Amino acid sequence: MARGWSGMADTLTVRTPGHTTVQDLGRTGRSRHGLPANGALDQHSARVANILCGNDERAPLLELTALDFACVPSADILVAVTGAPADVTVSAAPRPQWEPFVVRAGEPLRVAGIRQGLRVYLAVLGSVETEYLQGSCAPDTVLGFGPALRAGDELTLRASCPPLDHPYSRIPLFRLAAPAAAAFPATTWTIDVTDGPDRAEFGDTASRLFGAPFTVSPRSNHIGLRLGSEGRLPRRTDTGEVLSRGVPIGAVEVPAGDELLVLHRGRGVTAGYPVLAVVTATGLSALGQVRPGQALRFRHRTLDEAVTAYRAQRAAVDALRARVRTAFDTLRIPVHAGG
């Protein structure tokens, strides 16, 4: 825990909360107990934000959804902001996304104008203290765990930053070439999927999934996205009963109505609708950025293609981790490997 000259713990005080939660990558291996994974909806952006700060990729960080956010640290901190494009400023001076930068004690850090995507991630060197449930700090709305931050909340910093920022030149310290997310489209997103376990039950109508674009309903949330379309929806041709069974994150379900459901990280672990497709790991991060009212198209990928894309993304993140460690070692910045 970082402490200032008075012996008091250093903090990050929330001034404008927007809709912000303390997140991590979620609860793994808890489905057997009926607990959803939850965690950051854009897992790639969350991982990169933490790695840019020298943290373990599973360390707690802030997830900002749609609305403006502002905070003030009581000590110098090193931060990184990733995710959707936004206006990031420190004392009204612009700061970059996808690169770490220093915020001096008492300077207001503001993230405003989140656009094109829906979520921004803010990580701090050393992370922040928070409560855990079943090995994760990820909020769970069903259990009432991990409420959104409020104005005046103080997050205790686990570490402070060594003096790095030049007081006059403000020359950027880092050019780490972080693997940013794919371009945020102005109109239609493309979401990759593989065949689901019930693909054969839809006959020729399965191809409708890849026809007309779908529009994200305002009733969508972290549990799942509701998608409507002006085109015809896929329809199950089998007449047998569909039993409730375990369903994966990213399952594209086809209920009897006029919408598709895509289950996200807050989904229940069982369901009884037929699963036509499953969003890939890389596609799931993109799906976490799609705003209500935006359009998306599904793109079919084989399992081999999906695995190759995920491995390439992970390799880019691992290469970034090595560059960060080299840069931090040179500047004698402590690396915090623990989550």
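Coordinates for the structure precede this section.
The structure reproduced in this document is the subject of the present report. Keep in mind that what you see is a predicted model, and the values were worked out from it rather than measured.

Looking at the side chain of Thr194
Now for step 1: With respect to the helices and strands, Thr194 occurs in strand β12 (residues 188-195).
Now for step 2: Exposure remark for Thr194: the relative accessible area of 9% places this residue in the buried category.
Now for step 3: Discounting residues that sit within four places of it in the chain, Thr194 has contacts with Ala277, Val278, Thr280, Arg301, Thr302, Leu303 and Ala306.

Observations regarding the state of the cysteines
Now for step 1: One pass over the full model with this rule turns up zero disulfides.
Now for step 2: No disulfide involves Cys71; its nearest neighbouring cysteine sulfur is the one of Cys53, lying 12 Å away.

Some words on helix α1 (residues 43-52)
Now for step 1: Most of α1 sits inside the fold, with ten of its ten residues counted as buried.
Now for step 2: Here α1 has its buried residues at Gln43, His44, Ser45, Ala46, Arg47, Val48, Ala49, Asn50, Ile51 and Leu52.
Now for step 3: Where α1 is buried, its residues meet β3 (61-65), β5 (77-83), β10 (119-124), α2 (281-287) and α3 (303-331).
Now for step 4: Gly54 lies just past α1 and shows a positive phi near 75°.

Regarding the environment of Gln97
Now for step 1: With respect to the element layout, Gln97 can be found in the loop between β7 (93-94) and β8 (101-103).
Now for step 2: Measuring from C-alpha to C-alpha, the distance between Gln97 and Val81 comes to 5.1 Å, with 16 residues separating the pair along the chain.
Now for step 3: Residue contacts for Gln97: discarding those within four places in its chain leaves Val81, Thr82, Gly83, Ala84, Pro85, Ala86 and Val88.
Now for step 4: Here Ala84 takes part through its backbone oxygen, which lies 2.9 Å from a polar atom of the side chain of Gln97.

Regarding unusual backbone geometry
Now for step 1: Positive phi, close to 65°, is recorded for Gln116, a residue that is not glycine.
Now for step 2: Within the secondary structure, Gln116 sits in the loop between β9 (109-112) and β10.
Now for step 3: The exposure class assigned to Gln116 is partly exposed, which follows from its relative accessible area of 32%.
Now for step 4: Positive phi values are uncommon outside glycine, yet Arg332 reaches one of about 60°.
Now for step 5: Its place among the elements puts Arg332 in the segment after α3.

Focus on the side chain of Gln289
Now for step 1: Looking at where Gln289 falls in the secondary structure, it is placed in the loop between α2 and β20 (295-300).
Now for step 2: In this structure the side chain of Gln289 is engaged in a polar contact, spanning 2.9 Å, whose partner is the backbone nitrogen of Leu118.
Now for step 3: In this structure the side chain of Gln289 is engaged in a polar contact, spanning 2.8 Å, whose partner is the backbone nitrogen of Arg119.
Now for step 4: Apart from residues no more than four positions distant in its own chain, Gln289 is found in contact with Asp42, Ser45, Gly83, Ala84, Gln116, Gly117, Leu118, Arg119, Tyr121, Phe184, Trp189 and Gln294.

Here's the deal with empty space enclosed by the protein
Now for step 1: In the structure shown here, the tally under the stated rule is one cavity of 30 Å³ or more.
Now for step 2: Each pocket or cavity is described by its volume, and for the largest cavity that value is around 40 Å³.
Now for step 3: As for the largest cavity, its lining consists of Pro36, Asn38, Asp140, Thr141, Val142, His222, Ile223 and Gly266.
Now for step 4: Class assignment for the residues of the lining of the largest cavity results in three nonpolar, four polar and one charged.

Definitions and cut-offs
Residues numbered from 1 in each chain as written. Predicted model: local features only at pLDDT ≥ 70, side-chain atom pairs only at ≥ 80, totals over all residues. Heavy atoms only, no water. Helix = DSSP H or I, 4+ residues; strand = E, 2+ residues; numbered from the N terminus. Buried < 20%, exposed > 50% of the residue type's maximum accessible area, 1.4 Å probe, protein only. Contact = heavy atoms within 4.5 Å. Disulfide = S-S within 2.5 Å. Polar contact = N/O pair within 3.5 Å; in protein donor to acceptor, adjacent residues only side chain to side chain. 1 Å grid on protein atoms, 1.4 Å probe; cavity = no way out; pocket = protein on both sides within 12 Å on 5 of 7 lines; lining within 4 Å. Points joined across faces, edges and corners; volume = space filled by probe spheres on them. Nonpolar A, V, L, I, M, F, W, Y, C, P; charged D, E, K, R; others polar.

So, to be careful, I would describe these as geometric facts and stop short of saying anything about function.
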